[in-house]
Structure formats: C-alpha cells, structure tokens
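Single-letter residue listing:
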Amino acid sequence: MTDTVAFRHLVRATRSVRRFHEDRAVERQALVELIDLARLSASGGNKQPLKYVLSCAASMNARIFPCLSWAGYLKDWPGPRKGERPAAYIVILGDTAIRADCDRDLGIAAQSIMLGSTARGLGGCMLDSVNRRELRRILGPLHGLEILLVIALGTPREEVVIETVGPDGDIRYWRDERGVHHVPKRQIDDIIVASYSD
Ligand SMILES: Cc1cc2nc3c(=O)[nH]c(=O)nc-3n(C[C@H](O)[C@H](O)[C@H](O)COP(=O)(O)O)c2cc1C
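Numbering of residues starts from 1 in each chain and follows the order in which that chain's sequence is written. Under the rules for a predicted model, residues below a pLDDT of 70 receive no local features and side-chain atom pairs below 80 are neither given nor counted, while totals for whole chains, interfaces and linings still include all residues. Only hydrogens and water are removed before side-chain values are computed, so all heavy atoms of the structure are retained for them.

Chemist: Please provide a residue-by-residue account of the packing of aromatic side chains, values included.
Modeler: The description of two aromatic rings rests on the distance between their centres and on the angle between their planes. Aromatic pairing here means that ring centres of Phe, Tyr or Trp (its six-membered ring) are within 6.5 Å. Orientation follows from the plane angle: under 30 degrees is stacked, over 60 is edge-to-face, and everything else is tilted. For the structure shown, the criterion picks out 2 aromatic pairs. Throughout this description, the term charge over a ring refers to an Arg CZ or Lys NZ atom that lies within 6 Å of the ring centre and within 35 degrees of the ring normal. Over the ring of Y173 we find R18; its NZ or CZ atom is 4.8 Å from the centre of that ring. Directly above the ring of W77 sits R175, whose terminal nitrogen or CZ lies 4.2 Å from the centroid.

Chemist: Which residues make up the packing of helix α1 (residues 3-13) against helix α4 (residues 103-119), and what values do they have?
Modeler: In the contact formed by α1 and α4, the axes pass within 9 Å of each other and the chain directions differ by 105°. On the basis of the axis angle, α1 is roughly perpendicular to α4. Only L115, T118 and A119 of α4 make contact with α1, whose side of the interface consists of L10, V11 and A13. The nonpolar class holds Ala, Val, Leu, Ile, Met, Phe, Trp, Tyr, Cys and Pro. Asp, Glu, Lys and Arg form the charged class, and all remaining residues, Gly among them, are polar. A class-by-class count of the residues in the contact of α1 with α4 yields 5 nonpolar, 1 polar and no charged. Convention adopted: a line fitted to C-alpha atoms gives each axis, helices being fitted over their contacting stretch, and angles between N-to-C directions are expressed from 0 to 180 degrees. The way it works is that DSSP assigns letters per residue, a run of H or I at least four long becomes a helix, a run of E at least two long becomes a strand, and they are numbered from the N terminus. Every angle not falling under 35 degrees, over 145, or within 65 to 115 is termed oblique; those three ranges are roughly parallel, roughly antiparallel and roughly perpendicular. In this description, contact between two residues means that some pair of their heavy atoms is separated by no more than 4.5 Å.

Chemist: Any chance you could break down the pattern of salt bridges for me, citing the residues and the numbers?
Modeler: Note on definitions: salt bridges are taken to be side-chain nitrogens of Lys or Arg within 4 Å of carboxyl oxygens of Asp or Glu. What the rule picks out here adds up to 9 salt bridges. R172 is the partner of D170 in a salt bridge, and the nearest nitrogen-oxygen pair spans 2.9 Å. Three or more residues are tied together by salt bridges with common partners; here these are R19, E158 and R175.

Chemist: I'd like to hear about the site of the ligand, residue by residue, with values.
Modeler: Every one of the 14 residues lining the ligand counts as a neighbour, but R15, S16, R18, A71 and K185 are closest to it. S16 is positioned such that a nitrogen or oxygen atom in its side chain is 2.6 Å from an oxygen atom of the ligand. Contacts described as polar in this section are N or O atom pairs within 3.5 Å, which, within protein, must combine one atom able to donate a hydrogen with one able to accept it, while residues neighboring in sequence count only if both atoms come from side chains. Here a nitrogen atom of the ligand and a backbone polar atom of D128 are 3.0 Å apart. A 1.4 Å probe and the Shrake-Rupley method give the accessible areas. Residues count as covered only by the protein chains that appear here. Here the ligand, which alone exposes 620 Å², has 70% of that area covered by the protein. Secondary structure elements with two or more residues in the shell around the ligand: β4 (123-127) and β8 (181-185). For the shell around the ligand, the element with the highest residue contribution is β4, accounting for 3 residues. For the shell around the ligand, the class distribution of residues is 7 nonpolar, 3 polar and 4 charged. Note on definitions. A residue lies near a molecule or strand when any single heavy atom of the residue is within 4 Å of it.

Everything listed here is a matter of geometry and, on its own, says nothing about what the molecule does.
Structure (structure tokens):
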C-alpha cells in the first residue's frame, strides 16, 4: 500500500464506534500516547489550551458513562449495555485562561486521537452530548478548565460501514437487522463548491 492509500484507509476506518469489548482493557500508556498525538497537532497561535483527563479505571468509567448520550438518531437504542461499554475515556478540557474559545483546536486534537486509536486497533466515539454539570461534579475541581468533549475508547464490537447520502439528502445513520451501523456521507461533487485548476 502506498502511504496515500494507507492514510485514506486509516481515515475511512476511523468511524464512530459505540459498542466495545468492555473486558478488553485500554492501558494508561495507550491513552498517554494518544494524548501525545493531540499534543503534536496544530493549535491556533500555538497557544495549546487543551488539557486532558484520562480514565481506564472501571470504577471511574462507571461514573463517567451515565453522563453521556449516545447515537441520537437511533431512537430505540439507549446506548451500549453492560459488557459493551467503553474501556477508557479521554475528557478534553479547555484552559480558558489560555484561550476562551478552543473549538477549532478541539476538533483537530480530537481527530488526531481518533486516528491514533484506529491505528492501534481501538475504536472511539467523540461525545458532545455530555451532562457537563454532572461530569464536573465527578471529576472534582477543574479550576479554569471547561469540559469540551469526551472521547470514549475501547476495542470495537460493532461493524460500521460508509454509505452515500441519497437524493433525499438524509444524513441520519442507521443500524440494520444484523446490527451493522451505516453512516451516510455526502458525495464529493456535492461538497466542492468551486474548483480552479490550470
Ligand atoms: C463534535 C462531535 C460531537 C459528537 N457527539 C456525539 C454524541 O454526543 N453522541 C454520539 O453518540 N455521537 C457523537 N458524535 C459522533 C457523530 O454522531 C458521528 O461522527 C457521525 O454520526 C458520523 O459518523 P462517523 O464518525 O463514523 O463518520 C459526535 C461527533 C462529533 C464530531
């Protein structure tokens, strides 16, 4: 595989995974190495306002889990059941003393973590639907730090495939009768607004 093909494969394979082998541990060192990818990523003004809380402890994971909302389009699925829950979490925090709005840095860092997770055989899901008040209570004093995003991680226990958004424009993901998760992506010609080339 050329590097370009391998990289495309990595990006394609980096899907949101919401069901995991909960009994397959994710080591703290793996989480640190994922954070290191975020640390090496671009940051506006190189201010680097992002900070992290790591959890691969069953007791802490059990407290974080109820703060999260899963797969809003799957109306009859309340989220992963016991045994399928994430084995680890990365909570991304913004240090508001360094920068008030960390959103662009956040996206870049989060995708670095997601790509790195796939590269090491893990899967993950970014979660913005977070009960931040409750999570803040669980995590304890986070002076000057805002909870931005949670990334759930573990060994994937579900198949996720990419589909093409049809003429009806419906972007909602769905799960078929075999439990395979389908994610529609817009077609390339529908997202290139203008193209200049000699
Ligand atoms: C900023 C952001 C926030 C998200 N928040 C949630 C969430 O709270 N719960 C959830 O189940 N998925 C969440 N997702 C995952 C999206 O639903 C997912 O990226 C989308 O369905 C496309 O699937 P894909 O990641 O496999 O391409 C989030 C993704 C992003 C980028």
